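Secondary and tertiary structure notes
Given next are the chains, with one letter for each unit.
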Amino acid sequence: MLQTKKDIINKLQKSILLLQGLRPAAINGDESVGLGPVESAFPNGIFPVGAIHEFLSVEPEQAAANGGFIGGILNPLMQRGGACLWISMSRKLFPPSLKSFGIEPDRIIFVDLKRERDVLWVTEEALKCQGLAAVVAELKDISFTQSRRLQLAVEHSRVTGFILRSDPRKSGATACAARWNISTLPSELQDGMPGIGLPRWKVELLRVRNGNPGSWKMEWAAGRFSQIAELTGIPVLTKSLKTG
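Attention here is on the structure that accompanies the text. Because the structure is a prediction, the values reported are computed rather than measured.

With that settled, the discussion passes to helix 2 (residues 60–79). Counted at 1.5 Å a residue, the expected span for helix 2 with its 20 residues is 28 Å, and the 29 Å between its end C-alpha atoms agrees. With respect to burial, helix 2 is a largely interior element, 16 of its 20 residues being buried. Two residues or fewer past helix 2, Gly-81 is found with a positive phi of approximately 110 degrees.

Rendered as structure tokens:
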């Protein structure tokens, strides 16, 4: 009897997750976007595609950090087919920089608009298009009702949405699957070589629907994310996390 109740509860939990646009655990690793331990924060240990992800962005350098980090996630999403729309009023992204994350800039369709409400409208319409892999929108703010409309759109199309919010002082509740805070970390030069080191971020999941928030240090190296572990105060790279 006890086992029967447990089975019923498990089935109900899976049904709720499916209704919320979250997928059950995959038999193989095809659903991974290569974020390794970060993905364990999500239900069933899977990065939610077909969902809205909210990124906070206050300072210009944080906007750049968000753009780079999202680029690393777009890499595996776009390998599965489909283009990406990047919608904004004053785009912060430098398109050629996407090549560092294995993305050809001409596969990103940039839509530059003059009004915030137009950005929101175009974003919602784009998220309904099943032929897209992802949609990225730069917005000052978004209400719960507006975020709910976007989430309903992706639950039908299975497009993954990324909202970059530049005014998080008003960051109330939203219907987004996750709220991220990405900040830059000092890079490390390898083998005494001069120049600029590889991109590094402090990745914080502030809110995760049905998941577990957390914080990680990550680096983009050799076309994939790697987690940075700290041992006796010295940053050490763990095993690389394959993205594709």
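Once you've had a look at it, read on.
Taking 1.5 Å of rise per residue, 12 residues should cover 16 Å, and helix 3 (residues 116–127) covers 17 Å from first to last C-alpha, within 8% of that figure. Restricting attention to buried positions, one finds in helix 3 the residues Val-119, Leu-120, Val-122, Thr-123, Glu-124, Ala-126 and Leu-127. Those residues of helix 3 that are buried lie in contact with strand 1 (52–56), strand 2 (83–88), strand 3 (108–112), strand 4 (132–139), helix 4 (144–157) and strand 5 (160–165).

A separate point is the side chain of Arg-165. One can find Arg-165 in strand 5. Arg-165 sits in the buried class, given a relative accessible area of 0%. At a separation of 2.4 Å, a polar atom in the side chain of Arg-165 contacts the side chain of Glu-54. Engagement of the side chain of Arg-165 in a polar contact is seen with the side chain of Asp-141, the distance being 2.3 Å.

To continue, consider the pairing of strand 7 (residues 200–208). Bridge count for strand 6 (residues 178–184) against strand 7 is 7 bridges, and the pairing is antiparallel. Paired with Trp-180 across the two strands is Leu-205, which belongs to strand 7. Relative to strand 8 (residues 214–221), strand 7 is paired through 6 bridges, and the arrangement is antiparallel. Each bridged residue has a counterpart across the sheet, and for Lys-202 the counterpart in strand 8 is Lys-217.

Our next topic: the nonpolar core. One finds Phe-69, Leu-74, Phe-162, Trp-180 and Trp-201 to be the most contacted residues of the largest nonpolar core, which totals 38 residues. Every element with two or more residues in this core is listed here: helix 2, strand 2, strand 4, strand 5, strand 6, strand 7 and strand 8. Top element by residues in this core is helix 2. It accounts for 7 residues. Contact partners of Leu-74, with chain neighbours within four places excluded, come to Cys-84, Trp-86, Ile-103, Ile-108, Ala-134, Val-136 and Phe-162. Core analysis: the next-biggest nonpolar cluster, separate from the first, contains 19 residues, Ala-126, Leu-127, Val-154 and Val-159 among them.

Analysis parameters
- Residues numbered from 1 in each chain as written.
- Predicted model: local features only at pLDDT ≥ 70, side-chain atom pairs only at ≥ 80, totals over all residues.
- Heavy atoms only, no water.
- Helix = DSSP H or I, 4+ residues; strand = E, 2+ residues; numbered from the N terminus.
- Expected span 1.5 Å × (residues − 1).
- Buried < 20%, exposed > 50% of the residue type's maximum accessible area, 1.4 Å probe, protein only.
- Contact = heavy atoms within 4.5 Å.
- Polar contact = N/O pair within 3.5 Å; in protein donor to acceptor, adjacent residues only side chain to side chain.
- Pairing = 2+ DSSP bridges.
- Core = buried A, V, L, I, M, F, W, Y, C linked by side-chain atoms within 4.5 Å.

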